[in-house]
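Each chain is listed here by its residues.
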Amino acid sequence: MASDARMDTLRWAKWVGWAGWVMALSAVALISGCASLDRNAHAEAIAQPAGLKREVLAAGDFRMTAFSRVTRPDRPLRIYIEGDGLAWVSRTEPSMDPTPVAATGLALAAADPSANVVYLARPCQFTPMADNPRCGIAYWTGKRFAPEVLDAMDAEISQLAKLVPGQPLELVGFSGGGAIAVLLAARRHDVASLRTVAGNLDVEYVNELHRVSAMPDSRNPITVASRVARIPQIHFSSAEDTIVPPDVAKRFAAAVGGACVRTSVVTGLSHDGDWAARWRDLLAQTPVCGSTPGDAR
């Protein structure tokens, strides 16, 4: 990405907010040659080789797309939650479709060899707007962590849990999906472990870090940190991530406290880099409750 384009994007961020700033980076990439990408076809190309089958789940006022592979109902279910997607297409124009370009959350799910894997897209991603009348720009910008979004995703996870009756859930969230994963884990009683990848775990801090507007209609995961303190969890970040730097995970871990939270910092990856290529190795770091909190090794 040219340096002048990046600086232009950063100036724009000061008035479009966090979602606009993050997705501006994708918008620049689109302008430089990816605009013709069929995002649905790209998702299918990721999912099919991994045996993940597409379906649409309905809960509350939203319909959400999922890709799933469940082969052992007697084992835990690992659920991957996508990031914020493509919120903006230019410096002044919000996207009419927040479906992600890279679908990093889906790529993580496809790299997971576990028997039971489900990928859950965020509201308004992948699902046609005509089938989602509640969808509007606010739900992929300032209200993407709003209570009604959490209610809908919680209900859909309850539907997914029926695929493995009585079995625990393992939540994995990428970027803004990390925020959703924490917020949902704090309200459920069947979550056995929690992992986030480049997770936005302190929305207010990240907004302040990038000098962008607040999100009063959204929930902030760090405010429920104490409610997930007994859940074994690892929060992965990259030393090269300038969008959600490792300090975000460390601040969240400090707020959680106790012996069940770990952070793990990798190198050589940008925020939307190829996390999936390293995911099997990172999955080997199993969340556990130990004697003292700290960094995962």
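In short, a report on the structure. Here the residue numbering is sequential within each chain, running from 1 through the sequence in written order. With pLDDT at 70 or above as the cut-off, local features in this predicted model cover only qualifying residues; side-chain atom pairs require 80 or more to be listed or tallied, and sums for whole chains, interfaces and linings still use all residues. No hydrogens and no water enter the side-chain calculation; it runs on all heavy atoms of the structure.

## Considering the overall build of the chain
Counting from the N terminus, the helices are DSSP H or I runs at least four residues long and the strands are E runs at least two residues long. Of the regular secondary structure elements, the chain holds eight helices and nine strands. Throughout, exposure labels follow a simple rule: accessible area from a 1.4 Å probe, protein chains only, divided by the maximum for the residue type, with under 20% read as buried, over 50% as exposed, and the rest as partly exposed. When burial is assessed residue by residue, the chain has 57% of its 297 residues classed as buried. For the chain, restricting intrachain contacts to residue pairs at least 6 apart in sequence, the fraction spanning at least 24 positions comes to 75%. For the chain, the accessible area works out to roughly 12200 Å², and carbon and sulfur atoms hold 52% of it. Any two residues whose heavy atoms approach within 4.5 Å are treated as being in contact. Here the accessible surface of atoms and residues is derived via Shrake-Rupley with a 1.4 Å probe, and residues count as covered only by protein chains that are part of the display.

## Regarding helix H7 (residues 246-256)
Residues three or four positions apart in an α-helix share a direction because the helix packs 3.6 residues into each turn. Along H7, the residues classified as buried are Pro 246, Val 248, Ala 249, Phe 252, Ala 253 and Val 256. Projected down its long axis, H7 shows its buried positions confined to an angular sector of 155 degrees, all on one face. Buried residues in H7 make contact with helix H5 (176-185), helix H6 (203-209), strand E7 (233-238) and strand E8 (261-266). Just beyond H7, the residue with positive phi is Gly 257, at close to 65 degrees. Here the arc refers to the set of directions running from the helix axis out to each C-beta atom.

## Quick word on helix H2 (residues 39-47)
Listing the buried residues of H2 in full gives Ala 43, Ile 46 and Ala 47. End-on view of H2: buried residues confined to an arc of 90 degrees, all on one side of the axis. Tucked into the core, H2 has its buried residues touching strand E2 (62-70) and helix H3 (104-110). Nitrogen and oxygen atoms within 3.5 Å of one another constitute a polar contact, given that in protein one can donate a hydrogen and the other can accept it, and given that sequence-neighbouring residues count only through two side-chain atoms. The N-cap residue of H2 is Asp 38: its side-chain oxygen and the backbone nitrogen of Asn 40 are 3.1 Å apart.

## Some remarks on the packing of helix H4 (residues 147-161) against H5
Two numbers describe a pair of packed helices, the interaxial angle and the distance between the axes. Closest axis-to-axis distance for the H4/H5 pair is 10 Å, and the angle between their directions is 75 degrees. Classified by the angle between their axes, H4 and H5 sit roughly perpendicular to one another. For the pair H4 and H5, the contacting residues are Val 149, Leu 150, Met 153, Asp 154 and Ile 157 in the first and Ile 180, Leu 183 and Leu 184 in the second. With axes taken as lines fitted to C-alpha atoms, and helix axes fitted only over the stretch in contact, angles between N-to-C directions fall between 0 and 180 degrees. Angle categories: roughly parallel below 35 degrees, roughly antiparallel above 145, roughly perpendicular from 65 to 115, and oblique for all the rest.

## Some details on the packing of aromatic side chains
Between the rings of Phe, Tyr and Trp (Trp by its six-membered ring), a pair exists once the centres lie within 6.5 Å; its type follows the angle of the planes, with under 30 degrees stacked, over 60 edge-to-face, and the other angles tilted. Overall, the coordinates contain six aromatic pairs when judged by the stated rule. Ring centres of Phe 62 and Tyr 139 lie 5.2 Å apart, and the angle between their planes is 80 degrees; this geometry places the pair in the edge-to-face category. With Phe 62 in strand E2 and Tyr 139 in the loop between strand E4 (116-120) and H4, this residue pair connects regions lying 77 residues apart in the sequence. Neither Phe 62 nor Tyr 139 differs from the other in exposure class; each is buried. Between Phe 236 and Trp 279, the aromatic rings sit 5.8 Å apart at their centres with planes inclined by 80 degrees, giving edge-to-face as the arrangement.

## Considerations on the state of the cysteines
The rule for a disulfide is simple: a pair of cysteine sulfur atoms within 2.5 Å. What the rule picks out here adds up to two disulfides. Covalently, Cys 124 is tied to Cys 135 through a disulfide, its sulfur atoms 2.0 Å apart. Torsion about the S-S bond of the Cys 124 and Cys 135 cystine: about -105 degrees, corresponding to left-handed handedness. Separated by 11 residues along the polypeptide, Cys 124 in the loop between E4 and H4 and Cys 135 in the loop between E4 and H4 bring together distant segments of the chain. The class of Cys 135 is buried, set by a relative accessible area of 16%. Through a disulfide, Cys 260 is tied to Cys 289; the S-S separation comes to 1.9 Å.

## Some points on the environment of Gly 268
Within the fold, Gly 268 resides in the loop between E8 and helix H8 (279-283). Note: C-alpha distance between Gly 268 and Ala 239 (29 residues apart in sequence) is 7.4 Å.

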